[in-house]
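Descriptive analysis of the structure
Take a look at the letters that make up each chain.
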Amino acid sequence: MADDRDREGTEIAVAEFHKKIKEAFEVFDHESNNTVDVRRRNSDTQRYQRCRHTEERPCDDTARGEIGTIIRSLGCCPSEGELHDLILEVEEEEPTGYIRFEKFLPVMTEVLLERRYRPIPEDILLRAFEVLDPAKRGFLSKEELIKYMTEEGEPFSQEEMEEMLSAAIDPESNSIHYKDYITMMVIDEN
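Rules used in this analysis
Residues numbered from 1 in each chain as written. Predicted model: local features only at pLDDT ≥ 70, side-chain atom pairs only at ≥ 80, totals over all residues. Heavy atoms only, no water. Helix = DSSP H or I, 4+ residues; strand = E, 2+ residues; numbered from the N terminus. Buried < 20%, exposed > 50% of the residue type's maximum accessible area, 1.4 Å probe, protein only. Polar contact = N/O pair within 3.5 Å; in protein donor to acceptor, adjacent residues only side chain to side chain. Contact = heavy atoms within 4.5 Å. Salt bridge = Lys/Arg side-chain N within 4 Å of Asp/Glu carboxyl O.

This part takes up the environment of Glu26. Its location among the elements puts Glu26 in helix H1 (residues 2-27). Residue Glu26 is classed as partly exposed on the basis of its relative accessible area of 41%. For the pair Glu26 and Ile70, spaced 44 residues apart in sequence, the C-alpha to C-alpha distance is 9.5 Å.

Relative to the helices and strands, Ser175 resides in strand S4 (residues 175-176). Within the structure, the side chain of Ser175 is placed 2.7 Å from the side chain of Ser173, a separation counted as a polar contact. Apart from residues no more than four positions distant in its own chain, Ser175 is found in contact with Phe139, Leu140, Ser141, Lys142, Ala168, Ile169 and Asp170.

Let us look at the pattern of salt bridges. Within the structure shown, the criterion is met by 10 salt bridges. Residue Glu92 pairs with Arg100 through a salt bridge whose shortest N-O separation is 3.2 Å. Residue Glu152 is joined to Lys147 by a salt bridge in which the shortest nitrogen-to-oxygen separation is 3.6 Å. Judged by relative accessible area, which is 41%, Glu152 ranks as partly exposed. The exposure class assigned to Lys147 is partly exposed, which follows from its relative accessible area of 38%. Taken together, the salt bridges that share partners define one network made up of Glu92, Arg100 and Glu102.

So, in structure tokens, the structure goes:
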């Protein structure tokens with residue numbers, strides 16, 4: 001009886017995942033033929049709102065275009081290497097530059113069921129920002145943020161920096177109020 005309830009719960013979860021995956025995939029199926037171009041880059045994506053990252057797990061759209069955007073929109077934050085491996089798993093034996101929905105769906109369903117590539121928790125992000133703000137002001141100036149993001153650790157490119165600044169900087173104060181920014185970045189797990 002408990003097994004029946006577990007199986008029924010899993011079936012409901014799978015059906016919900018299938019619906020979310022299909023909806024996300026359709027956004028980038030520009031030809032309406034159940035394919036997405038892995039070569040196309042979605043320049044409108046503001047990945048810093050979607051995906052929290054560390055140096056070990058950067059979120060990068062550069063190599064894998066819209067498939068990476070689809071995966072992140074489903075709450076996953078794979079590294080570039082993990083994304084590459086996922087795409088290899090769903091690509092045709094003779095790569096065409098397109099991913100077919102029928103190959104993407106089972107792989108992505110498994111990823112979601114296993115809760116792979118989870119984003120960094122909010123409290124860890126907050127602690128990271130607090131390290132950069134020893135005076136505990138609750139914000140970093142635009143200049144401080146640029147310095148940390150381009151000179152420390154794994155530096156951001158100019159494009160990455162501009163993308164982050166457009167999402168993070170309060171234009172009135174010319175600073176990032178990091179608690180507000182973290183709240184904006186957090187992915188709803190439900």
